[in-house]
Amino acid sequence: MAFFAHQIRRGFSSSAVRNVVIKQVTIIGGGQMGAGIAQVAASTGHSVNLVDTSDDILKKSIKTIEGSLKRVVKKKFADKPEAGEEFIQKVLKNVSTSTDVGSAVQGSDLVLEAIVENLKIKQDLFSRLDKLAPAHTIFASNTSSLPISDISSATNRLDRFGGLHFFNPVPMMKLVEVIGTSTTSQETFDSLLNFSKVLGKTPVSCKDTPGFIVNRLFVPYLYEAVRLYERGHGSKEDIDIAMKLGVGYPMGPFELSDYIGLDTIKFIMDGWREMDPDNTLFAPSELMDKLVAEGKLGKKTGEGFYKYK
Ligand SMILES: CCCCCCC[C@H](O)CC(=O)SCCNC(=O)CCNC(=O)[C@H](O)C(C)(C)COP(=O)([O-])OP(=O)([O-])OC[C@H]1O[C@@H](n2cnc3c(N)ncnc32)[C@H](O)[C@@H]1OP(=O)([O-])[O-]
Ligand SMILES: NC(=O)c1ccc[n+]([C@@H]2O[C@H](COP(=O)([O-])OP(=O)(O)OC[C@H]3O[C@@H](n4cnc5c(N)ncnc54)[C@H](O)[C@@H]3O)[C@@H](O)[C@H]2O)c1
């Protein structure tokens, strides 16, 4: 019944609902997330075209994929190293790279964007892609915090646009949040759900609201951990231990913040505070602001809440 109501809301009768099978995928942005998504899509038999701004970056992306695949096969093919090497080569063959988005989107069933978290840059990219990609191609963004409808508004394919939010590290994290806007067609939404399942992930359906499900709960939690520490109510180490042993999280809030990047977390919180300034959950943290201003962004810069050198 709920499913039927969902279809009516999206303006589709049940007979109009059919799944578009996604085989060829273009991923724009070969950074932390894009490389991980490319790896998982290629490992599950998709033909992947990975796009970034330079060949040097793309070389690094392929190296990252190779390194991560080695970790995967060490476990998956523990007793058969040769089969493991064969698997790596097969997966790598499924990935091609390009710096030219125009040619990369030709023949693509899905264009998944994982570039910098900046609305204007994402809009510019999708506006360009809208003119270059085939009509049937579905567009999706991996944004952590921006409204999908703000990004899709730059295109004329509002029905074929949704969100696919993966988690870091992509090869390990099982969840994908599938986000439908008020204009995403049921057909597109179902295709994105199916695609996530074919990748071996577990999808959950989300509304296009700030932070979807996970980040809406987790970003305020990370900030409250920092504020608790600032108030002197616990050491970083003890807070991390408490959340790992008390509720079974694999990383404590300070370890996770350093892993994600303090700039990313601050950027998300600042954006939400701008939208809803009176919400105390979105209050700033002096320490977070200071660390980001000093360039102490976490693991990627060698220091955040902890030191990594
Ligand atoms: C959240 C709010 C903040 C918002 C900011 C934006 C965030 C965003 O929107 C959402 C997120 O992503 S939120 C972030 C969500 N993410 C989280 O919350 C993450 C929480 N953390 C975890 O789940 C675990 O700590 C990990 C799975 C990361 C590591 O597992 P572990 O058991 O703690 O320890 P281990 O010893 O290191 O690794 C053991 C083995 O795992 C394997 N392996 C690991 N990485 C791999 C890779 N890249 N490739 C392949 N394989 C990989 C490998 O086999 C390795 O063995 P090896 O012998 O070393 O090769
Ligand atoms: N890092 C995380 O934990 C995480 C988790 C989930 C979602 N996200 C989201 O995924 C997206 C990417 O994040 P990331 O951590 O992979 O970033 P990243 O900085 O590691 O990678 C971004 C890549 O995009 C490339 N790029 C930038 N502009 C481009 C353009 N116009 N065309 C082609 N390539 C371009 C950059 O060169 C870079 O290689 C962001 O929207 C972020 O919010 C991040």
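Residues numbered from 1 in each chain as written. Chains lettered and ligands numbered in written order. Predicted model: local features only at pLDDT ≥ 70, side-chain atom pairs only at ≥ 80, totals over all residues. Heavy atoms only, no water.

A. The site of ligand 2, seen in detail. Around ligand 2 sit 18 residues in total, of which Met33, Asp52, Glu117, Lys122 and Ser144 are the nearest. For ligand 2, an oxygen atom lies 3.0 Å from a polar atom in the backbone of Gln32. Interatomic distance of 3.0 Å between a side-chain N/O atom of Asn142 and an oxygen atom of ligand 2. Look at ligand 2: alone it shows 830 Å² of surface, and the protein chains cover 77% of it. Breaking the shell around ligand 2 down by element, the ones donating at least two residues are helix H2 (32–43) and strand E6 (161–166). A per-class count over the shell around ligand 2 returns six nonpolar, nine polar and three charged. (Near = heavy atom within 4 Å. Polar contact = N/O pair within 3.5 Å; in protein donor to acceptor, adjacent residues only side chain to side chain. Areas by Shrake-Rupley, 256 points an atom, 1.4 Å probe, with all protein chains shown as cover. Helix = DSSP H or I, 4+ residues; strand = E, 2+ residues; numbered from the N terminus. Nonpolar A, V, L, I, M, F, W, Y, C, P; charged D, E, K, R; others polar.)

B. Spatial organisation of the site of ligand 1. Ser68, Arg71, Ser144, His165 and Asn168 are the nearest of the 22 residues found near ligand 1. Within the side chain of Arg71, an N or O atom sits 2.8 Å from an oxygen atom of ligand 1. Here an oxygen atom of ligand 1 sits 2.8 Å away from a polar atom, N or O, in the side chain of Ser144. In the complex, the protein chains occlude 73% of the 1,100 Å² of accessible area that ligand 1 would expose alone. Residue assignment for the shell around ligand 1 shows that the elements contributing at least two residues are helix H3 (55–76), helix H9 (214–230) and helix H11 (253–260). Considering every element that reaches the shell around ligand 1, the biggest residue donor is H3, with five residues. By residue class, the composition of the shell around ligand 1 is 14 nonpolar, five polar and three charged. Of the domains in this structure, domain 1 (2–207) and domain 2 (216–297) are the two that each give at least three residues to the shell around ligand 1. (Domains from an automatic or database assignment.)

C. Looking closely at the UniProt feature "domain: 3-hydroxyacyl-CoA dehydrogenase C-terminal" (unreviewed entry) in the chain. In the numbering adopted here, UniProt assigns the feature "domain: 3-hydroxyacyl-CoA dehydrogenase C-terminal" (unreviewed entry) to residues 211–308. The span residues 211–308 is 60% helix and 0% strand, and its two end C-alpha atoms sit 29 Å from each other. (UniProt positions renumbered as here; feature names shortened; annotations may be inferred.)

D. Representation of the domain arrangement of the chain in the model. Here the domain parsing of the chain yields domain 1 (2–207) and domain 2 (216–297). When each unit is reduced to the centre of its C-alpha atoms, the spacing between domain 1 and domain 2 is 28 Å. Listed per partner, the contact involves five residues of domain 1 and four residues of domain 2. Area buried by domain 1 at its contact with domain 2 is led by Glu117, Ser145 and Asn168, which between them contribute 59% of it. On inspection of domain 1 and its partner domain 2, the count reaches zero salt bridges. Where domain 1 meets domain 2, there are zero residue pairs in polar contact (both at pLDDT 80 or more). Its residues assigned to classes, the side of domain 1 that touches domain 2 shows one nonpolar, three polar and one charged. (Contact = heavy atoms within 4.5 Å. Buried area = accessible area lost by both parts, 1.4 Å probe. Salt bridge = Lys/Arg side-chain N within 4 Å of Asp/Glu carboxyl O.)

E. Local environment of the nonpolar core. Counting residues in hydrophobic clusters, the biggest one holds 37 residues, and the most contacted among them are Ile27, Leu110, Leu164 and Phe166. The element that contributes the greatest number of residues to this core is H2, accounting for seven residues. Contacts of Leu164, omitting those with residues within four sequence positions, involve Leu110, Leu112, Ala140, Ser141, Asn142, Val176, Glu177, Val178, Ile179, Leu192, Phe195 and Ser196. (Core = buried A, V, L, I, M, F, W, Y, C linked by side-chain atoms within 4.5 Å. Buried < 20%, exposed > 50% of the residue type's maximum accessible area, 1.4 Å probe, protein only.)

F. Region of the structure containing unusual backbone geometry. At the junction of Asn168 and Pro169, the peptide bond is cis and its omega measures out at 0 degrees in the coordinates. Notably, Phe212 is not glycine yet its phi reads approximately 55 degrees, a positive angle. Within the secondary structure layout, Phe212 lies in the loop between strand E8 (202–207) and H9. Residue classification places Phe212 among the buried residues on the basis of a relative accessible area of 6%.

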